[in-house]
Amino acid sequence: MFAVIRRYVTDKATAEDLLHDGFITLFTKIGDWRGEGVFDAWCRRIFVNTALTHLRKANPLGVVDEDVGDLPPRRTGGAPPDALAQIGAADLRKAIEELPEGYRMVLNLYAVEGYSHAEIGQMLGINEATSRSQYLRAKQRLAEKLRHSYEEGEF
């Protein structure tokens with residue numbers, strides 16, 4: 001569950017505190033689990049919600065379009081198709097951690113956790129269209145970061 005929280009909170013000490021808080025919530029609400037579905041998914045949702053609650057308190061305005069204007073223009077060409085195979089999990093994790101908070105939250109909720117944009121909108125208190133645009137911008141930013149790292153020979 002620590003890895004789940006770290007996808008949303010990049011500061012290790014804060015993530016450790018949230019892990020503790022998540023387990024307290026889990027043990028407090030264990031009687032609420034009805035045995036429907038997978039227990040792991042129920043637990044994961046508690047920890048995701050713990051991280052999101054922390055982030056909402058830290059940024060009560062919700063997801064902010066950070067650095068929207070500084071996305072580099074899309075380029076053709078770039079890394080060869082087999083370049084993706086050279087990217088290690090640590091490289092990908094680092095690139096995701098460097099994304100602006102709003103992009104990182106939506107990318108994780110949609111691509112990793114599997115929530116719909118409507119669900120993400122409800123969870124973050126944003127419009128569904130905002131969730132979609134945050135996700136698309138996150139993918140663009142991530143692709144550019146990875147392309148740049150590849151061109152610089154970092155992996």
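Residues numbered from 1 in each chain as written. Predicted model: local features only at pLDDT ≥ 70, side-chain atom pairs only at ≥ 80, totals over all residues. Heavy atoms only, no water.

**Here we look at the overall build of the protein**
Line of reasoning, step 1. Scanning the protein from N- to C-terminus turns up seven helices and zero strands.
Line of reasoning, step 2. Secondary structure of the protein in N-to-C order comes out as α-α-α-α-α-α-α.
Line of reasoning, step 3. Going through the 155 residues of the protein one by one, you find that 34% of them count as buried.
Line of reasoning, step 4. Accessible surface, the protein as shown: approximately 9100 Å² in total, 53% of it carbon and sulfur. (Helix = DSSP H or I, 4+ residues; strand = E, 2+ residues; numbered from the N terminus. Buried < 20%, exposed > 50% of the residue type's maximum accessible area, 1.4 Å probe, protein only. Areas by Shrake-Rupley, 256 points an atom, 1.4 Å probe, with all protein chains shown as cover.)

**A closer look at the pattern of salt bridges**
Side chains that differ in charge, positive against negative, can pair when their charged atoms come close.
Line of reasoning, step 1. Per the counting criterion, the structure on display carries eight salt bridges.
Line of reasoning, step 2. Salt-bridge contacts for Arg6 lead to Glu97; the nearest nitrogen and oxygen are separated by 3.7 Å. Taken as a pair, Arg6 in helix α1 (residues 2-6) and Glu97 in helix α4 (residues 89-97) lie far apart in primary sequence, 91 residues in all.
Line of reasoning, step 3. Between Lys94 and Glu98 there is a salt bridge; the shortest N-O distance is 2.8 Å.
Line of reasoning, step 4. What you see here is one network of salt bridges that share partners, running through Arg7, Arg44 and Glu113. (Salt bridge = Lys/Arg side-chain N within 4 Å of Asp/Glu carboxyl O.)

**So, helix α5 (residues 101-112)**
Line of reasoning, step 1. Taking 1.5 Å per residue, 12 residues should reach 16 Å; α5 reaches 15 Å between its end C-alpha atoms and fits that length.
Line of reasoning, step 2. Of all the positions in α5, only Gly102, Tyr103, Arg104, Met105, Val106, Leu107, Asn108 and Leu109 are classed as buried.
Line of reasoning, step 3. Of the surrounding elements, those touching the buried residues of α5 are α3 (39-58), α4, α6 (117-124) and α7 (128-151).
Line of reasoning, step 4. Where α5 ends, the next residue or the one after it, Gly114, has phi of about 85°, a positive value. (Expected span 1.5 Å × (residues − 1). Contact = heavy atoms within 4.5 Å.)

**Things to note about a negative patch on the surface**
Line of reasoning, step 1. Side chains of Asp11, Glu16, Asp17 and Asp21 sit close together on the surface and give a patch of like negative charge.
Line of reasoning, step 2. Tracing the backbone through its elements, the reader meets Glu16 in helix α2 (residues 12-29).
Line of reasoning, step 3. The class for Glu16 is partly exposed, based on a relative accessible area of 40%. (Patch = residues over 30% accessible without salt bridge, like charges linked within 9 Å, V, L, I, M, F, W, Y side chains within 5 Å. Lys, Arg positive; Asp, Glu negative; His and termini not counted. Charge placed at Lys NZ, Arg CZ, Asp CG, Glu CD.)

**Remarks on the nonpolar core**
Line of reasoning, step 1. The biggest cluster of nonpolar side chains holds 32 residues, and the ones touching the most others in it are Tyr8, Leu52, Leu109 and Leu124.
Line of reasoning, step 2. At seven residues, α3 tops the list of elements feeding residues into this core.
Line of reasoning, step 3. The contact partners of Tyr8, leaving out residues within four places of it in the chain, are Val48, Ala51, Leu52, Leu55, Arg104, Met105, Asn108, Leu109 and Glu113. (Core = buried A, V, L, I, M, F, W, Y, C linked by side-chain atoms within 4.5 Å.)

**Structural notes on the side chain of His117**
Line of reasoning, step 1. Looking at the element boundaries, His117 is found in helix α6.
Line of reasoning, step 2. On the basis of relative accessible area, His117 is assigned to the buried category, the value being 5%.
Line of reasoning, step 3. With sequence-adjacent residues up to four places away left out, His117 is seen in contact with Tyr110, Glu128, Ser131, Arg132 and Tyr135.

**Side note on the environment of Tyr8**
Line of reasoning, step 1. Mapping Tyr8 onto the fold places it in the loop between α1 and α2.
Line of reasoning, step 2. C-alpha of Tyr8 to C-alpha of Val106: the two residues are 98 residues apart in sequence and 9.4 Å apart in space.

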